[in-house]
Amino acid sequence: MSDCHRICVLPGDGIGPEVVAAALDVLRAVQAKSDVRFEFCEAPIGGVAIDEYGVALPENTLRIARGCDAVILGAVGGPKWDTVQPGCPRPEDGLLGIRKELGLFANLRPVRVYAPIASHSPLKASIIQNADILIVRELTGGLYFGEHATHAEVEGAGIGGGRGARAHDVMLYSEFEIERIGRQAFEAARMRKGKLTSVDKANVLDTGQLWRKVIHELAREYPDVELVDMLVDNCAMQIIRDPSQFDVIVTENTFGDILSDEASVLAGSLGLLASASLGQDNALFEPCHGSAPDIAGKNIANPIGQIQSAAMMLEYSFGMADAARSIGDAVDGALAEGWRTFDIASEETPASLILGTREMGERIAERI
Ligand code: IPM
Ligand code: MN
């Protein structure tokens, strides 16, 4: 009897369906070379779900996701749904909703440099050459999930003063939430180079002070891990000034969102970045890029971030570390052979080496 893994597939909007299709091609190649079986169950999320069902995360999608062993997600959002009135469903509600509903509190975003395209980064080779960072982003708390409200203009406005409407978003963290993500990060650091940089804004925010206190208490359990505190503004600078000082970075939701986009510049393209969102009982794998509506439907998006997310699924959800490595090697091999998507091509890249989404997926799949 071969192992069967049920995978919920949520292609979503924009380039989501194209890059997801490429990742499934690669998973089928893995399946052909092993005795495991993958069963794919597709469901709508984001804008396509709003169009079809009026909500970004239909009940049925959530039910399928809960019933599967892992979830693969493409991207959500697009200009078509950007102008909706406050209170109307937005594609992003689907993504935030599934993260919350499945309890996916830990978002792991590895950032590495692919040697054959290192020159594609706008940063000097000498700066990025040893960069290898794992960003551990808290994913179900903070500003994203605190109370949001917009207040109509009132006479003699209170906090903030001045004229016009006001809005607020609450940033809330409990010790439990900080400890839970902290533990994940210390464990990850222990498996890597043993260094953890904890990023906060403890010089201004109460949440930052609580963050620092909890992380330091936790550090006593991990004497083998070197802990460094860093303020988020400084971290934003250090990531592009000297990225090799980092091993694992742990930070709250909003800071992690911002720093991971920034760190993608080390790799050369946001299209290369993968992620795993892990919870107690569920796991979801999605690239860090968005739906890129400007290039959607053209078969030119870079599928590598999605393909590497599928590799993370094999490793984290199915214990298939060797298969995950074979995907990583296949990506390295395709890049070493010179194949590029347009986002990682340079002026010197011959047109014959620039591939579409599907073709890049095939080049990688055939190397498995
Ligand atoms: C990401 C994305 C999402 C986020 C958006 C689409 C809501 O930017 O996964 O980084 O902010 O978390
Ligand atoms: Mn983001």
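Here the structure is a predicted model, which means the values were calculated and not measured.

S.K.: Please explain the overall build of the protein as it appears in this structure.
M.R.: Counting its regular elements, the protein contains twelve helices and twelve strands. Here the C-alpha atoms of the protein give a radius of gyration of 21 Å, agreeing with the 21 Å that 2.2 N^0.38 yields for 368 residues. Taking the principal axes of the C-alpha coordinates as reference, the protein spans close to 65 × 50 × 50 Å. Counting only residues that meet the buried cut, the protein has 53% of its 368 residues in that class. Long-range pairs, those at least 24 residues apart, make up 76% of the contacts in the protein with a sequence separation of at least 6. A total of about 16,400 Å² of accessible surface is found on the protein, and carbon and sulfur atoms cover 52% of it. The average position of the 33 basic charges and that of the 53 acidic charges among the side chains of the protein differ by 2 Å.

S.K.: Looking at this structure, I do not really get the pairing of strand β1 (residues 4–12). What am I missing?
M.R.: Look at any regular strand and the pattern is simple: side chains alternate between the two faces of the sheet. Burial analysis of β1 places seven of its nine residues in the buried class, which makes it a mostly covered element. Direction of pairing for β1 relative to strand β2 (residues 37–42): parallel, over a ladder of six bridges. Looking across to β2, one finds that Ile7 is bridged to Phe40. Between β1 and its parallel partner β2, the chain crosses via helix α1 (residues 16–32), and the hand of that crossover is right-handed. Two strands pair when backbone bridges link them, and β1 and strand β3 (residues 70–75) are joined in this way by five bridges, in the parallel orientation. Following the sheet pairing, Val9 is matched in β3 by Ile72.

S.K.: Any chance you could explain the site of ligand 1 here in plain terms?
M.R.: The immediate surroundings of ligand 1 are formed by Glu92, Leu95, Arg99, Arg109, Arg137, Tyr144 and Asp257. Between an oxygen atom of ligand 1 and a side-chain N or O atom of Arg109, the distance comes to 2.9 Å. Arg137 places a side-chain nitrogen or oxygen 2.8 Å from an oxygen atom of ligand 1. Protein burial of ligand 1: of its 320 Å² of free accessible surface, 78% is covered by the chains. Of the residues forming the shell around ligand 1, the biggest block, three residues, is contributed by helix α4 (residues 91–101). Considered class by class, the residues forming the shell around ligand 1 number two nonpolar, no polar and five charged.

S.K.: Just to check I follow, could you spell out the pattern of salt bridges for this structure?
M.R.: Two side chains carrying opposite charge are able to pair once their charged atoms lie near each other. Tallied over the full model, the rule gives 20 salt bridges. The partner of Lys80 in a salt bridge is Asp51, and the shortest N-O contact between them spans 2.5 Å. Taken together, the residues Lys80 in the loop between β3 and α4 and Asp51 in helix α2 (residues 47–53) connect sequence positions 29 residues apart. For Asp51, a relative accessible area of 45% puts it in the partly exposed group. Measuring nitrogen to oxygen at the nearest pair gives 2.8 Å for the salt bridge that ties Arg192 to Asp247.

S.K.: Just to check I follow, could you spell out the confidence of the model for the protein for this structure?
M.R.: This prediction gives the protein a mean pLDDT of 95; 98% of its residues lie at or above 70. The least confident element of the protein, judged by mean pLDDT, is strand β6 (residues 148–151) at 90; the most confident is strand β8 (residues 195–200) at 99.

S.K.: Would you explain the packing of α1 against helix α10 (residues 304–316) in this entry?
M.R.: Packed helices, taken two at a time, are described by the angle between their axes plus the distance between the axes. Put simply, α1 and α10 touch, their axes get as near as 8 Å, and they point 45° apart. One way to sum up the angle between α1 and α10 is to call them oblique. Classified by chirality, the crossing of α10 by α1 is right-handed. On the side of α1, the interface is formed by Val19, Val20, Ala22, Ala23, Val26, Leu27 and Val30, while α10 contributes Gln306, Ile307, Ala310, Met313 and Leu314. Broken down by class, the residue content of the contact of α1 with α10 amounts to eleven nonpolar, one polar and no charged.

The rules we used
- Residues numbered from 1 in each chain as written.
- Chains lettered and ligands numbered in written order.
- Predicted model: local features only at pLDDT ≥ 70, side-chain atom pairs only at ≥ 80, totals over all residues.
- Heavy atoms only, no water.
- Helix = DSSP H or I, 4+ residues; strand = E, 2+ residues; numbered from the N terminus.
- Rg over C-alpha atoms; globule rule 2.2 N^0.38 Å.
- Buried < 20%, exposed > 50% of the residue type's maximum accessible area, 1.4 Å probe, protein only.
- Contact = heavy atoms within 4.5 Å.
- Areas by Shrake-Rupley, 256 points an atom, 1.4 Å probe, with all protein chains shown as cover.
- Lys, Arg positive; Asp, Glu negative; His and termini not counted.
- Charge placed at Lys NZ, Arg CZ, Asp CG, Glu CD.
- Pairing = 2+ DSSP bridges.
- Right-handed = clockwise from strand over helix to strand, strands pointing away.
- Near = heavy atom within 4 Å.
- Polar contact = N/O pair within 3.5 Å; in protein donor to acceptor, adjacent residues only side chain to side chain.
- Nonpolar A, V, L, I, M, F, W, Y, C, P; charged D, E, K, R; others polar.
- Salt bridge = Lys/Arg side-chain N within 4 Å of Asp/Glu carboxyl O.
- pLDDT = per-residue confidence, 0-100.
- Axes fitted to C-alpha atoms, helices over the stretch in contact; angles between N-to-C directions.
- Parallel < 35°, antiparallel > 145°, perpendicular 65-115°, else oblique.
- Left-handed = near helix turned anticlockwise from the far one by under 90°.

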